[in-house]
Amino acid sequence: MSVTMCQTLGFIVSALGFAGIIAATSLDPWSTQDLYDNPVTAVFQYQGLWRSCVQESSGFTECRPYYTILGLPAMFQAVRALMIVGIVLGGIGLLVAIISLKCLRIGNMEDSAKANITLTSGIMFILAGLCSIIGVSVFANMLVTNFWMTTANMYTGGAISGMGGMGGLQTLQTRYTFGAALFVGWVAGGLTVIGGVMMCIACRGLMPEESNYKAVSYHVSGKTPAYKTSAYEEKSKKSIYNESKRSEDGKSYPSKYDYV
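As the structure is a prediction and not an experimental result, all values here were calculated from the model.

What counts as what
- Residues numbered from 1 in each chain as written.
- Predicted model: local features only at pLDDT ≥ 70, side-chain atom pairs only at ≥ 80, totals over all residues.
- Heavy atoms only, no water.
- UniProt positions renumbered as here; feature names shortened; annotations may be inferred.
- Helix = DSSP H or I, 4+ residues; strand = E, 2+ residues; numbered from the N terminus.
- Salt bridge = Lys/Arg side-chain N within 4 Å of Asp/Glu carboxyl O.
- Buried < 20%, exposed > 50% of the residue type's maximum accessible area, 1.4 Å probe, protein only.
- Pairing = 2+ DSSP bridges.
- Axes fitted to C-alpha atoms, helices over the stretch in contact; angles between N-to-C directions.
- Disulfide = S-S within 2.5 Å.
- Contact = heavy atoms within 4.5 Å.
- Core = buried A, V, L, I, M, F, W, Y, C linked by side-chain atoms within 4.5 Å.
- Phe/Tyr/Trp six-rings, centres within 6.5 Å; stacked < 30°, edge-to-face > 60°.
- Patch = residues over 30% accessible without salt bridge, like charges linked within 9 Å, V, L, I, M, F, W, Y side chains within 5 Å.
- Areas by Shrake-Rupley, 256 points an atom, 1.4 Å probe, with all protein chains shown as cover.
- pLDDT = per-residue confidence, 0-100.

**Student:** Explain the UniProt feature "transmembrane region" (unreviewed entry) in the chain to me, using residue names and the numbers behind them.
**Tutor:** Under the feature "transmembrane region" (unreviewed entry), the UniProt entry names residues 81–101, 122–144 and 176–202. Its end C-alpha atoms 33 Å apart, residues 122–144 is made of 100% helix and 0% strand. Strand forms 11% of residues 176–202 and helix 85%; the C-alpha atoms that close the span are 43 Å apart.

**Student:** Pulling in residues and values, what's your account of the pattern of salt bridges?
**Tutor:** In total, this model carries two salt bridges according to the counting rule given. Salt-bridge contacts for Asp28 lead to Arg51; the nearest nitrogen and oxygen are separated by 2.9 Å. One end of the pair, Asp28, is in the loop between helix 1 (3–26) and strand 1 (31–33); the other, Arg51, is in strand 3 (residues 51–56), with 23 residues separating them in the sequence. Here Asp28 falls in the buried class, since its relative accessible area comes to 12%. A salt bridge links Asp34 to Arg175; its shortest N-O distance comes to 3.1 Å. Here Asp34, found in the loop between strand 1 and strand 2 (43–47), pairs with Arg175, found in the loop between helix 4 (167–170) and strand 5 (176–178); they are 141 residues apart in sequence, far enough to count as distant. Residue class for Arg175 comes out buried when judged on its relative accessible area of 10%.

**Student:** A description of the sheet that holds strand 4 (residues 61–65) should follow, citing residues and the corresponding values.
**Tutor:** With antiparallel pairing, the five strands of this open sheet are ordered in space as 4-3-2-1-5. Either end of the sheet is taken by a strand with one partner, and the two such strands are strand 4 and strand 5. Strand after strand, the sheet turns through a mean of 25 degrees between neighbouring axes, direction not considered.

**Student:** Residue-level account of the state of the cysteines, with values.
**Tutor:** Applying the stated criterion across every chain, the model contains one disulfide. Disulfide partner of Cys53: Cys63, at an S-S distance of 2.0 Å. Residues Cys53 and Cys63 are joined through a disulfide that is right-handed, its torsion about the S-S bond being 105 degrees. Of the two residues, Cys53 is situated in strand 3 and Cys63 in strand 4; the sequence distance between them amounts to 10 residues. Distance from the sulfur of Cys203, which forms no disulfide, to the nearest cysteine sulfur (Cys200) is 7.1 Å.

**Student:** Pulling in residues and values, what's your account of the environment of Met198?
**Tutor:** Of note, Met198 is situated in helix 5 (residues 180–206). Here the alpha-carbon distance between Met198 and Phe11, two residues 187 residues apart in the chain, equals 8.2 Å. Apart from residues no more than four positions distant in its own chain, Met198 is found in contact with Cys6, Leu9 and Gly10.

**Student:** How would you explain the nonpolar core if you had to name every residue and give the values?
**Tutor:** Looking at soluble globular proteins, one finds that nonpolar side chains tend to be buried together. If you look at the biggest cluster of nonpolar residues, it comprises 16 residues, and the most contacted ones within it are Trp30, Leu49, Phe76, Val79, Met83, Phe139 and Leu182. Counting only elements with at least two residues in this core, the list comes to helix 2 (74–100), helix 3 (111–160) and helix 5. Element by element, the count of residues in this core is highest for helix 3, at five residues. Each residue touching Phe76, except ones within four places of it in the same chain, is listed here: Gly48, Leu49, Tyr66, Phe139 and Met142. Counting seven residues, the second-largest nonpolar core is a separate cluster that includes Phe11, Phe18, Leu94 and Ala97.

**Student:** Tell me about the packing of aromatic side chains, and name the residues and values.
**Tutor:** Counted under the stated rule, the structure contains eight aromatic pairs. Considering the side-chain rings of Trp30 and Phe139, the 5.1 Å spacing of their centres and the 75 degrees angle between planes classify their relative orientation as edge-to-face. In this pair, Trp30 sits in the loop between helix 1 and strand 1 while Phe139 sits in helix 3, placing the two residues 109 residues apart along the sequence. Both residues of the pair, Trp30 and Phe139, count as buried. Through a chain of ring-to-ring contacts, three or more aromatic side chains come together here, namely Trp30, Tyr66, Phe76 and Phe139.

**Student:** Can you lay out a nonpolar patch on the surface for me, pointing to particular residues and giving the numbers?
**Tutor:** Side chains of Leu119, Ile123, Leu127, Leu130 and Ile134 sit close together on the surface and give an oily, nonpolar patch of about 390 Å² of accessible area. Here Leu119 lies in helix 3.

**Student:** Explain the confidence of the model for the chain to me, and be specific about the residues and the numbers.
**Tutor:** Here the chain averages 76 in pLDDT, while 67% of its residues score no lower than 70. At the low end of the mean pLDDT range in the chain sits helix 4, at 42; at the high end sits helix 2, at 92. Low confidence marks residues 158–171, where pLDDT is under 50. Its contacts with residues over four positions away, or in another chain, come to 11 contacts. Scored below 50 in pLDDT, residues 211–218 makes zero contacts in the model with residues more than four places away or belonging to other chains.

**Student:** An account of the side chain of Thr32 is needed here, citing residue identities and associated values.
**Tutor:** Summarising the element assignment, Thr32 is placed in strand 1. Discounting chain neighbours no more than four positions away, the residues touching Thr32 are Phe44, Gln45, Tyr46, Arg175, Tyr176, Thr177, Phe178 and Gly179.

If you want it as structure tokens, here you go:
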């Protein structure tokens, strides 16, 4: 897989995950009424992060926002904060990823700068996906705890109802189970993390290869003929020496230059 394809595919997957995080945060059915013991009911209840809704059998739905902040449980507010942080990080990462795309040319931006920006966007996407996964998981843990506590109260209600207590009314408690928004949040967080990892992998391919050349020093040696001052001067000295030797004894001595 080429670097450009890996980066582009990571950007698309992260964008889909970011859109899923926004959808999961804004959806209402985070917790829905459990209809295991009462499959036929005239009223169906479900709750989200921002409001609770009641749907009647006629199809009419009425939602009521939470008009309090301090009155909500601390874990519930933590889930809200995690989802909002995930949206903010995903939005910033999406904007940064657009600038870092290799298929887009913005001015004279070098590949090393694009690689660093790609790594930054990938880290932001990973953090955004983790915030979504952690937030949804915390809410799911709250649902599981409340579900089993409500179930225990329902089964123990009949035992204490004969003692003049309110046990007989505890069987009418509403149990809540996982809603569709939880699954959307898990899938969106996973996609965002996968896209962020792909962006980080593409960063390594965008980094320019470093060329490390060792400096080589050349020293002129008197023993090496290639580094002498001039070959012509050497040749002229030899010819003068041969001429002087010929003139002294009257004999001619062959030299290597006579055969050229």
